[in-house]
Amino acid sequence: MRIHAIQTGTVAVKERQLSGRGNGTLRLVNTMRDPVWTSPLPIYVWVIEHPEGVIVVDTGETARIAEPGYYPRWHPYYRLGVRAWVQPEEEVGPRLRALGISPDDVRWVVMTHLHTDHAGGLHHFPKSQILVSRAEYQLAAGIRGQLGGYLPQHQPRWFAPKLIDFPSQAFGPFTGSYTLTKAGDVHLVPTPGHSAGHLSVIVQEGAHALFFAGDTSYTQQLLLDQATDGVTTNMALYQETHRQVLRYLRSMPTIYLPSHDPESARRLEAREVAKL
Ligand SMILES: [Zn+2]
């Protein structure tokens, strides 16, 4: 299978967002108040040229973030917690075309979650089936979603994703899973924590697996260190997910690929297995 990393610009957040401090609301406050920014981190989208059709994991960020008011300045996170840089030609649509793939030919778009730097390119895929966990879709909706930092007001008008409930079909250490392909080699698994409806995509490729982790952890090292990010609203859930992912990594040679890990594209290219 040909699998590509597409970078749709960069994002900087507070160091405390990668590995947080404090409990409950204090944790978010600590993240916002942290004076230290990360260096600009990549925003990756993954493209899997599967025999049954092209699969895209997440859609990256849009260049529209440069328009005044696109990021809601009334929201503390957008005022204090995030900076991003995306050029129009860096959006997922033009990037796909540069690979010789028309966005209209993408069969499935799987969303790990609906934060703006993953959902900003949705408008490129009006013809694709888009999959989102039901929990995430509900969390991102309406005013409650906006308060939680989602931007549902920027979702395309036609956005009506297939909602995944995760039937109790165990997949390794994961209690539920959803199998995407007839070949049975692409699985969606729930990895809640960073957001309560977060999912990851596992692709079996020969004797190893590729684990498209979204923001399950921001980097592989943070997973191995069992660090907890600074924006989760449920630390216990976040840590339980990390234990399940680590169990999976012990059971199967796996290339672990978070969306913002500067090493992810290189690890994909080299098919570098996570060493525990
Ligand atoms: Zn996120």
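This is a predicted model, so every value here is computed, not measured. (Residues numbered from 1 in each chain as written. Predicted model: local features only at pLDDT ≥ 70, side-chain atom pairs only at ≥ 80, totals over all residues. Heavy atoms only, no water.)

## Quick notes on the nonpolar core
- Of all hydrophobic cores here, the largest spans 22 residues; its most connected members are V110, L180, L188, V201, L210 and F212.
- Elements with a contribution of two residues or more to this core: β2 (41-50), β3 (53-57), β5 (106-110), β9 (186-190), β10 (199-205), β11 (208-214) and β12 (254-258).
- In this view, F212 contacts I3, W46, I48, V57, S200, V201, V203 and L257; residues no more than four positions away in its chain are not counted. (Core = buried A, V, L, I, M, F, W, Y, C linked by side-chain atoms within 4.5 Å. Buried < 20%, exposed > 50% of the residue type's maximum accessible area, 1.4 Å probe, protein only. Helix = DSSP H or I, 4+ residues; strand = E, 2+ residues; numbered from the N terminus. Contact = heavy atoms within 4.5 Å.)

## Describing the sheet that holds β3
- Read from one edge to the other, the open sheet built from seven strands follows the order β4-β1-β2-β3-β5-β6-β7, with strand pairing classed as mixed. Both edges of this open sheet fall to β4 (82-85) and β7 (162-164), since each of them pairs with a single strand only. Strand after strand, the sheet turns through a mean of 25° between neighbouring axes, direction not considered.
- Two strands pair when backbone bridges link them, and strand β1 (residues 2-13) and β4 are joined in this way by four bridges, in the antiparallel orientation. Across the sheet, T10 pairs through a bridge with W85, a residue of β4. (Pairing = 2+ DSSP bridges. Axes fitted to C-alpha atoms, helices over the stretch in contact; angles between N-to-C directions.)

## Digging into the pattern of salt bridges
- For the structure on display, the rule yields eleven salt bridges.
- Among the ionic pairs, R2 bridges to E49, the shortest N-O distance being 3.8 Å. Of this pair, R2 sits in strand β1 while E49 is found in strand β2, placing the two residues 47 residues apart along the sequence.
- E49 sits in the partly exposed class, given a relative accessible area of 26%.
- The partner of E67 in a salt bridge is R64, with the nearest N and O atoms 3.3 Å apart.
- A single network of salt bridges, built from pairs that share partners, joins E240, R243 and R247. (Salt bridge = Lys/Arg side-chain N within 4 Å of Asp/Glu carboxyl O.)

All we've got here are geometric facts, nothing functional implied.
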